[in-house]
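Descriptive structure summary
Next come the chains, spelled out residue by residue.
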Amino acid sequence: MSEWPLNLVDLEAAAAERLTQNAYDYYRSGAGDEITLARNRSAFDEILLLPHVLCDVSDISLETTLLGSEVAMPVAVAPTAFHGMADPEAEVASATGAAGAGALFCLSTLSNTTLETVAEQAPPSPRWFQLYAFKDRGLTTELARRAEAAGYGAIVLTVDAPVLGRRERDVRNSFSLPEPLTVASVAGRGAVEGKGESGLAAYFEAQLDPSLSWSDVEWLVGVSGLPVVVKGVHRADDALRAVDSGAAAVLVSNHGARQLDTAPATIEMLPAISEAIAGQVEVFVDGGFRRGTDVLKALCLGARGVLLGRPILWGLSLGGAEGVGRVLATIERELREAMALCGAATPEQLSKELIMPPHHGRGSL
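Residues numbered from 1 in each chain as written. Predicted model: local features only at pLDDT ≥ 70, side-chain atom pairs only at ≥ 80, totals over all residues. Heavy atoms only, no water.

**Describing the overall build of the protein chain**
Counting secondary structure elements, the protein chain contains 13 helices and 10 strands. A compact globule built from 365 residues would reach a C-alpha radius of gyration of about 21 Å, and the protein chain, at 19 Å, matches this within 12%. When the backbone C-alpha atoms are referred to their principal axes, the protein chain occupies close to 60 × 50 × 40 Å. With 365 residues in all, the protein chain has 56% of them scored as buried. For the protein chain, contacts bridging at least 24 residues in sequence account for 73% of all contacts bridging at least 6. Element-wise, carbon and sulfur atoms account for 50% of the exposed surface of the protein chain, whose accessible area totals about 14,600 Å². Averaging the locations of the 29 positively and 46 negatively charged side chains of the protein chain gives two centres separated by 3 Å. (Helix = DSSP H or I, 4+ residues; strand = E, 2+ residues; numbered from the N terminus. Rg over C-alpha atoms; globule rule 2.2 N^0.38 Å. Buried < 20%, exposed > 50% of the residue type's maximum accessible area, 1.4 Å probe, protein only. Contact = heavy atoms within 4.5 Å. Areas by Shrake-Rupley, 256 points an atom, 1.4 Å probe, with all protein chains shown as cover. Lys, Arg positive; Asp, Glu negative; His and termini not counted. Charge placed at Lys NZ, Arg CZ, Asp CG, Glu CD.)

Spelled out as structure tokens, the structure:
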């Protein structure tokens, strides 16, 4: 496109003009009345920053580690499904864009490209693999071991989807995965076809295991040769159970507001979880991040890193791998600026003291 959107907030409108209605509604939709979808964004407005001044910020570095992997910034690409609806190169393009930015990339089980193909065709870079627990536990084990063999650095187990949240945009569209796209890493295990309902909801009901429990987290930790990140944690007590079950990290997530509507925004859930974890394992967060100040607030409230979802898809639809790189460059630039204005030269210098206490203003933690 001739003029790239100025920021990630503007990016979605530009992407909507490129995508089919089926794809755009699938990517953007939330569950139910989309109250949580809106809250994931609006909650950031209620958290105010209280910056230091007269700090030496002449040499700012965003470099950090995520589960031991060195990355250029504490922003990673979240696992999102069906990148082939946004670009012909699908997840290979997304992973290539992330690698160019020095960012970690997390591949979804519901990718349109096999996990091996992404590992082979995208440039070397830290990568994780997001895993759904299938009713066929042999298949679940196989996916985890394939990810290890292909060089992925962690398994991200999604635990907030025993059933699929009702996304009414997809129901209205009878969402189907357009041909020739498939759930590539598990090809032959059913198609995502809508017949008056959401095809993805039907796929989940047929394939995924609603009996998933804490013992299964322990089982996966045991059978996987990789660290396990528990994705979809909403509560401090569940975060502690994840640690007790052997998780290497927890990911505070409401599934992009696509599961339980009226759940809190992730940035609202983060402080209590970070406080309860108290450094035992790393804490990550996703959901509604669009600005560098959003990322900074999460890091101040205890997150080790932030995962970016929908903006990556918008960038992919507008410019393939280059578009993904531009999305990450935009958030990196904004985060660098926000850190400078808060008086922090590294992510390690960010702390809760930069957040205005609630009784001093509109801020709500």
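**Regarding the pairing of strand β10 (residues 305–308)**
With burial as the criterion, each face of β10 is covered, one bearing Gly 305 and Leu 307 and the other bearing Val 306 and Leu 308. Pairing geometry for strand β3 (residues 75–77) and β10, over three bridges, is parallel. Its bridge partner lying in β10, Val 75 is registered against Val 306. Across three bridges, the pairing between strand β9 (residues 282–286) and β10 is parallel. Counterpart to Asp 286 in the pairing with β10 is Leu 307. In this region the chain leaves β9, passes through helix α12 (residues 292–300) and returns to the parallel neighbour β10; the handedness of that crossover is right-handed. (Pairing = 2+ DSSP bridges. Right-handed = clockwise from strand over helix to strand, strands pointing away.)

**Here we look at the environment of Leu 226**
Structurally, Leu 226 can be placed in the loop between α9 (214–223) and β7 (228–233). Put simply, Leu 226 and Ala 248 are 22 residues apart on the chain and 9.3 Å apart in space, counted from C-alpha to C-alpha. Not counting residues within four places of it along the chain, the set of residues in contact with Leu 226 comprises Ala 147, Glu 148, Tyr 152, Gly 153, Ala 154 and Ile 155.

**Some thoughts on the packing of aromatic side chains**
The tally for this structure, following the rule as stated, stands at 10 aromatic pairs. Aromatic side chains Tyr 26 and Phe 82 sit 5.6 Å apart centroid to centroid with 35 degrees between the ring planes, which places their arrangement in the tilted category. Linking Tyr 26 in helix α2 (residues 21–28) with Phe 82 in the loop between β3 and α4 (90–101), this pair joins segments that are 56 residues apart in sequence. Taking the relative accessible area as the measure of exposure, Tyr 26 reaches 4% and is therefore buried. Relative accessible area serves as the criterion here: at 0%, Phe 82 is assigned to the buried category. Each ring, one from Tyr 26 and one from Phe 175, has its centre 4.5 Å from the other, and the planes form 15 degrees; the classification is stacked. Of the two residues, Tyr 26 sits in helix α2 while Phe 175 sits in the loop between α7 (168–173) and α8 (199–207), which places them 149 residues apart along the sequence. Here the two residues Tyr 26 and Phe 175 agree in accessibility, since each one is buried. (Phe/Tyr/Trp six-rings, centres within 6.5 Å; stacked < 30°, edge-to-face > 60°.)

**Here we look at α4**
Two residues of an α-helix separated by three or four positions point the same way, owing to the 3.6 residues in each turn. Taking 1.5 Å of rise per residue, the 12 residues of α4 would be expected to cover 16 Å, and the 17 Å separating its terminal C-alpha atoms lies within 8% of that figure. Of all 12 residues in α4, nine are buried; the element is thus mostly enclosed. By the burial criterion, the buried members of α4 are Ala 90, Glu 91, Val 92, Ala 93, Ser 94, Ala 95, Gly 97, Ala 98 and Ala 99. Contacts from the buried residues of α4 go to β3, β4 (105–107), α5 (115–121), β5 (127–131) and α13 (310–342). Downstream of α4 by one or two residues, Gly 102 has phi in the positive range, about 75 degrees. (Expected span 1.5 Å × (residues − 1).)

**Quick look at the pattern of salt bridges**
Proximity of charged atoms lets side chains of opposite charge pair with each other. One pass over the full model with this rule turns up 13 salt bridges. Linking Asp 294 and Arg 41 is a salt bridge whose minimum nitrogen-to-oxygen distance equals 2.8 Å. In this pair, Asp 294 sits in helix α12 while Arg 41 sits in helix α3 (residues 35–45), placing the two residues 253 residues apart along the sequence. For Arg 41, a relative accessible area of 26% gives the class partly exposed. With a shortest N-O distance of 2.8 Å, Asp 209 and Arg 137 are connected by a salt bridge. Of this pair, Asp 209 sits in the loop between α8 and α9 while Arg 137 is found in helix α6 (residues 137–149), placing the two residues 72 residues apart along the sequence. Of the two residues, Asp 209 and Arg 137, both sit in the buried class. One salt-bridge network, held together by shared partners, links Glu 116, Glu 142 and Arg 146. (Salt bridge = Lys/Arg side-chain N within 4 Å of Asp/Glu carboxyl O.)

**With respect to the pairing of β9**
Judged by how many residues are buried, β9 sits mostly within the fold: four of five residues are covered. Regarding topology, helix α11 (residues 266–277) serves as the crossover connection from strand β8 (residues 249–252) to the parallel β9, and that connection is right-handed.

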